[in-house]
Amino acid sequence: MIENKNISKISNTEYEELIKKSLSFEKNKENSIVDGKVISIDKENVIIDVGLKSEGRIPISEFTRPGQNPEINIGDNYKVYIDRVDGQNGETKLSREKAVKQAAWNNLQDYFTNGNAVSGIPFNKVKGGLSVNLDGVVAFLPGSQIDSRQITRDTKELLHKPLDLIILKMDKYRGNIVVSRKAISDKELQKQRDKLLSNIS
């Protein structure tokens, strides 16, 4: 029976290696998007488990879309961005907003590159135009890009209604996106003109 004594004893150096591996694995998760599960909700924060040794806290405001109320339940799964593992108070610093924005930016980049129309919802009147929600990212629709046929006198009538838009400019470094509704109506007018000319000829 004595020969079983040495079976699975772990040396101090092996233990240290395991700890280092575990810490480096967690550090490698920083600045990445992972799946997280809601484990509790209070008035101001949502506590998310991302499978690391400590949970993360995200302000409830990051789960709301412009002009909408949050709909969050315990057990819901969300993509979240890991800012820092074991930050202040030993908590993992997470962001829902960064995860949404990063995924949306990648998606919008495809629309921009291919010149395809994207759907956006204007939610606020600002100087010179409208703020538009493009799947969680805020874009600017200048007044001059609203319509080619006529200047929309009251831009309020466009608020909270989906619009088809073309992305004119994207600057990820500055977080700027400029969109146009006029570019779509220009294309439609051109198609109508071409059709009319081909019918005449």
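Residues numbered from 1 in each chain as written. Predicted model: local features only at pLDDT ≥ 70, side-chain atom pairs only at ≥ 80, totals over all residues. Heavy atoms only, no water.

Bringing helix H3 (residues 182–200) into the picture now. For H3, with 19 residues, the first-to-last C-alpha span of 27 Å sits near the 27 Å given by 1.5 Å per residue. Those residues of H3 lying buried are Ala183, Ile184 and Ser185. Residues of H3 that are buried in the fold lie against strand E9 (163–171) and strand E10 (176–180). (Helix = DSSP H or I, 4+ residues; strand = E, 2+ residues; numbered from the N terminus. Expected span 1.5 Å × (residues − 1). Buried < 20%, exposed > 50% of the residue type's maximum accessible area, 1.4 Å probe, protein only. Contact = heavy atoms within 4.5 Å.)

Moving on, we get to the pattern of salt bridges. It is possible for side chains bearing opposite charge to pair when their charged atoms get close. Inspection of every chain in the model, using the stated rule, returns four salt bridges. The residue Glu97 makes a salt bridge to Lys101 at a minimum N-O spacing of 3.8 Å. In this pair, Glu97 and Lys101 are both assigned in helix H2 (residues 96–114), four residues apart and thus about one turn of the helix distant. By relative accessible area, Glu97 is classed as partly exposed at 39%. (Salt bridge = Lys/Arg side-chain N within 4 Å of Asp/Glu carboxyl O.)

Among the nonpolar cores identified, the biggest contains 19 residues, and Leu108, Leu134, Leu141, Leu165, Ile167, Ile177 and Val179 are the most heavily contacted of them. Among the elements of the structure, H2, strand E7 (129–134), strand E8 (137–142), E9 and E10 are those that each provide at least two residues to this core. Sequence-distant contacts of Ile167, that is, excluding residues within four places in its chain, are made with Leu108, Tyr111, Phe112, Val118, Ile177, Val178 and Val179. In terms of nonpolar packing, the next biggest core, distinct from the first, is built from 14 residues, Val38, Val50, Ile58 and Val85 among them. (Core = buried A, V, L, I, M, F, W, Y, C linked by side-chain atoms within 4.5 Å.)

Now for the sheet that holds strand E2 (residues 45–49). Taken in spatial order, the five strands close into a barrel running E1-E2-E3-E5-E4, and their pairing is mixed. Mean inter-strand twist for the sheet, computed between neighbouring axes without regard to direction, equals 50°. Relative to strand E4 (residues 77–84), H2 is tilted by about 105°, and along the sheet it contacts strand E1 (32–41), strand E3 (56–59), E4 and strand E5 (92–95). (Pairing = 2+ DSSP bridges. Axes fitted to C-alpha atoms, helices over the stretch in contact; angles between N-to-C directions.)

On to the side chain of Asp83, then. Following the sequence through the fold, Asp83 ends up in strand E4. In contact with Asp83, other than residues within four places in its own chain, are Glu30, Asn31, Lys93, Ser95 and Lys98.

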